[in-house]
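# A look at the structure
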Amino acid sequence: MKRILSQHTTISILVLLLMLTLFVLVVNTPAWAFTIDKAPQDIDLTNTFFGYLSLLIFVIGYLFVLTEEFTRLRKSKPIIVAAGLIWLVVGIGYALHGDTETAGIAVRHNILEYAELFLFLLAAMTFINMMEERNVFAALRSWLVRKDFSILQIYWITGTLAFFISPLADNLSTALLMGAVVLAVGNNYLKFVTVGCINIVVAANAGGAFSPFGDITTLMVWQKGMVQFEEFFLLFLPALVNWLVPALIMSRVVEKAPPARHQEHQKQMKRGGVTIILLFLMTIATSVMAHSILNLPPVLGMMTGLGVLKLYGYYLSQHEAAIIDHGHIHHHHKDNIQDMRDIRGDHTDVVRRFDIFKVVERASWDTLMFFYGVVLCVGGLSTLGYLALLSDTLYGSLGTTWTNSLIGVISAVIDNIPVMFAVLTMNPVMNTNEWLLVTLTAGVGGSLLSIGSAAGIALMGQAQGTYTFMSHLKWSWAIALGYVLSILTHLWINGT
């Protein structure tokens, strides 16, 4: 308890000192004496104290994000604080230049932009978590483990499934599902577990690149209207090359051995699992048609589907309530016995009704809140003028093809969400094929390092000690080869 209080005291003192320093610096800056000699919309704060301070806040906040694995501090916490501080600095900077309107308008625009993506992601995550709660993924994993596939077959099956599941489910859930299969059958085959995990990370990231639903970055590009829904599938072959090239190279070291004998209890899909899958597909179709035909925002279709899912959840809760009420009468029926087992907790004998709001609580709130912080941080830096400066430096000097290719390398170090949001905020003049290229590179570039994507970070935790940053780095050359060839494939098929 004393240690916790001491930590809280230290944090409070640091925050107080930061605020005091900010106050003293602002009071003593010549900005108080600025005279307005240009229109507010022409204000450029990139070379001022306010701009430098905002950059420093963003860098410090993002350093905490990058060290999440070591500090165990959730990445959303420092980036939300950084976002708030940056906008306070932006507001003060503009106010001291005589403009009290621009900062408020800009931050409201960013919040509205985030709200649309937030609701879309919340609906999609609820569907995925609902399928997880109904044992859809557990049943698939159980089936794979119980089959007598060879180690090499498991390597290719898990990679293929990761490539084709991630366009609908997020790459994090896909990687954890396939990673569990690799660990279950890998046993002491350490080379197989290592390259199997790398194969899954590359496949999941590549699969998510050719679908608007495969990654937050592709979703942002689609909702911004830069690329139409059907045009994303032009990236299928480049994404396939991105995965297959390193997969073929790494498959040469997979041990030629039978899988470990694993006593896996056969998991059965709970009642309603298939229906929920169909509802998810119908929801996606509704979102696509509403956006493509009626030019309505995709989030409308997703939220409508979420409403239908909630209604179906009500039906499930009523059905399971009836089983609870009459279970003692019909317990000798096989179906009712199975349903009773589905409703009971995993480690207690307490019978619980299905509750969709409990499922919603399992959504990745850390990711959603991190996304909020990223959108506002990047939006604040854009309002200061840094993204316009960066756009002129990169796209003006290197050209679109080289810059878009470089974006993927940057996303291996910095999360692809802020990178893509920065590109969208810069809004460089590019045609559809060039937007497809940056969508591809931002999506697959994270595979170059294990810390470059959520899938890689998650698998490092799941296969701790076997799949590590260094074990991934040993194969980065093969992944980089696939990365380069996927860009060349896109340029060959789709042009510039």
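Residues numbered from 1 in each chain as written. Predicted model: local features only at pLDDT ≥ 70, side-chain atom pairs only at ≥ 80, totals over all residues. Heavy atoms only, no water.

## Re the overall build of the protein
- Helices and strands together make up the secondary structure of the protein, namely 23 helices and zero strands.
- Out of the 496 residues belonging to the protein, those deemed buried represent 52%.
- Summarising the internal contacts of the protein: among those between residues at least 6 apart in sequence, 79% fall at separations of at least 24.
- For the protein, the exposed surface amounts to about 23800 Å²; the carbon and sulfur share of it is 65%. (Helix = DSSP H or I, 4+ residues; strand = E, 2+ residues; numbered from the N terminus. Buried < 20%, exposed > 50% of the residue type's maximum accessible area, 1.4 Å probe, protein only. Contact = heavy atoms within 4.5 Å. Areas by Shrake-Rupley, 256 points an atom, 1.4 Å probe, with all protein chains shown as cover.)

## Here's the deal with the nonpolar core
- Counting 136 residues, the largest nonpolar core has Phe192, Met220 and Phe371 as its most contacted members.
- The biggest single contributor to this core is helix H5 (residues 102-133), with 15 residues.
- In contact with Phe192, other than residues within four places in its own chain, are Ile151, Ile154, Tyr155, Val182, Val185, Gly186, Val254 and Glu255. (Core = buried A, V, L, I, M, F, W, Y, C linked by side-chain atoms within 4.5 Å.)

## What to know about the confidence of the model for the protein
- When the pLDDT values of the protein are averaged, the result is 79; 80% of them are 70 or greater.
- Here residues 1-40 scores under 50 on pLDDT; set against residues more than four positions off or in separate chains, the count is 22 contacts.
- Under a pLDDT of 50 for its full length, residues 328-352 has, in the predicted model, 28 contacts with residues more than four places off or in other chains. (pLDDT = per-residue confidence, 0-100.)

## A look at the packing of aromatic side chains
- Tallying each qualifying case throughout the model produces 23 aromatic pairs.
- An aromatic cluster is built from Phe120, Tyr155, Trp156, Phe163, Phe164, Phe210, Phe213, Trp222, Phe229, Phe233, Phe236 and Trp243, whose rings are joined through pairwise contacts.
- It is Lys75 that lies over the ring of Phe370; its NZ or CZ is 5.5 Å from the centre. (Phe/Tyr/Trp six-rings, centres within 6.5 Å; stacked < 30°, edge-to-face > 60°. Lys NZ or Arg CZ within 6 Å of the ring centre and 35° of its normal.)

## Points about the environment of Val419
- When you line up the elements, Val419 lands in helix H19 (residues 416-426).
- C-alpha of Val419 to C-alpha of Val378: the two residues are 41 residues apart in sequence and 9.0 Å apart in space.
- The contacts of Val419, once residues within four sequence positions are left out, are Ile407, Ile410, Ser411 and Ile414.

## Some words on the pattern of salt bridges
- On inspection of all chains with the given rule, the structure shows three salt bridges.
- Arg134 serves as the salt-bridge partner of Glu133, at 2.6 Å between the closest nitrogen and oxygen.
- Arg134 sits in the buried class, given a relative accessible area of 1%.
- One salt-bridge network, held together by shared partners, links Glu133, Arg134 and Lys270. (Salt bridge = Lys/Arg side-chain N within 4 Å of Asp/Glu carboxyl O.)

## What to know about a nonpolar patch on the surface
- Taken together, the side chains of Leu168, Met269, Val274, Leu278 and Leu281 define a hydrophobic patch exposed on the protein surface, amounting to about 410 Å² of accessible area.
- Of note, Leu278 is situated in helix H12 (residues 273-292). (Patch = residues over 30% accessible without salt bridge, like charges linked within 9 Å, V, L, I, M, F, W, Y side chains within 5 Å.)

## Thoughts on the packing of helix H7 (residues 151-165) against helix H11 (residues 236-250)
- Taken N-terminus to C-terminus, the directions of H7 and H11 make an angle of 160 degrees; their axes are 12 Å apart at the nearest point. It follows that H7 is roughly antiparallel to H11 by the angle criterion. In this structure, the crossing between H7 and H11 has a hand that is right-handed. Where H7 abuts H11, its residues Tyr155, Trp156, Gly159, Thr160, Phe163 and Phe164 lie against Phe236, Ala239, Leu240, Trp243, Leu244, Pro246, Ala247, Leu248 and Met250.
- Considering only residue class, the contact of H7 with H11 consists of 13 nonpolar, two polar and no charged. (Axes fitted to C-alpha atoms, helices over the stretch in contact; angles between N-to-C directions. Parallel < 35°, antiparallel > 145°, perpendicular 65-115°, else oblique. Left-handed = near helix turned anticlockwise from the far one by under 90°. Nonpolar A, V, L, I, M, F, W, Y, C, P; charged D, E, K, R; others polar.)

## A short note on helix H17 (residues 386-397)
- Taking 1.5 Å as the rise per residue, H17 with twelve residues should run 16 Å; its terminal C-alpha atoms sit 16 Å apart, in good agreement.
- Looking at H17, one finds that the buried residues are Tyr386, Leu387, Ser391, Leu394 and Tyr395. The buried residues of H17 occupy an angular sector of 130 degrees when projected down its axis, which confines them to one face. Structural note: H17 exposes Asp392, Gly396 and Ser397 on the side pointing more than 90 degrees away from its buried face.
- Those residues of H17 hidden inside the fold are in contact with helix H2 (49-66), helix H16 (365-384), helix H18 (400-413), H19 and helix H20 (432-444).
- Just beyond H17, the residue with positive phi is Gly399, at close to 90 degrees. (Expected span 1.5 Å × (residues − 1). Arc of directions from axis to C-beta.)

## Quick word on helix H10 (residues 216-223)
- Within H10, eight of the eight residues are buried, leaving the element largely enclosed by the surrounding structure.
- Taken together, the buried positions of H10 are occupied by Ile216, Thr217, Thr218, Leu219, Met220, Val221, Trp222 and Gln223.
- Two residues or fewer after H10 comes Gly225, characterised by a positive phi angle close to 80 degrees.

## Notes on unusual backbone geometry
- Non-glycine residue Asn135 carries a positive phi angle of around 65 degrees.
- Relative to the helices and strands, Asn135 resides in the loop between H5 and helix H6 (136-146).
- Of note in the backbone geometry, Asn295 takes a positive phi value of approximately 60 degrees without being a glycine.
- Mapped onto the elements of the fold, Asn295 is located in the loop between H12 and helix H13 (298-330).

## Details of the packing of H17 against H19
- Orientation of H17 relative to H19, taken along the N-to-C sense of each, is 90 degrees, at an axis distance of 9 Å. It follows from the interaxial angle that H17 and H19 lie roughly perpendicular. In this structure, H17 contributes Leu387, Leu390, Ser391 and Tyr395 to the contact, and H19 contributes Ala422, Val423, Thr425 and Met426.

## A few points about the environment of Gly301
- Checked against the element boundaries, Gly301 lands in helix H13.
- For Gly301, a relative accessible area of 3% puts it in the buried group.
- Residues Gly301 and Ile284, spaced 17 residues apart in sequence, show a C-alpha to C-alpha distance of 7.4 Å.
- In this structure, Gly301 is in contact with Thr283, Thr286 and Ser287, ignoring residues within four places of it in sequence.

## Observations regarding the side chain of Ser405
- Looking at the element boundaries, Ser405 is found in helix H18.
- A polar side-chain atom of Ser405 sits 2.8 Å from the main-chain carbonyl oxygen of Thr401.
- In this view, Ser405 contacts Leu437, Thr441, Tyr483 and Ile487; residues no more than four positions away in its chain are not counted. (Polar contact = N/O pair within 3.5 Å; in protein donor to acceptor, adjacent residues only side chain to side chain.)

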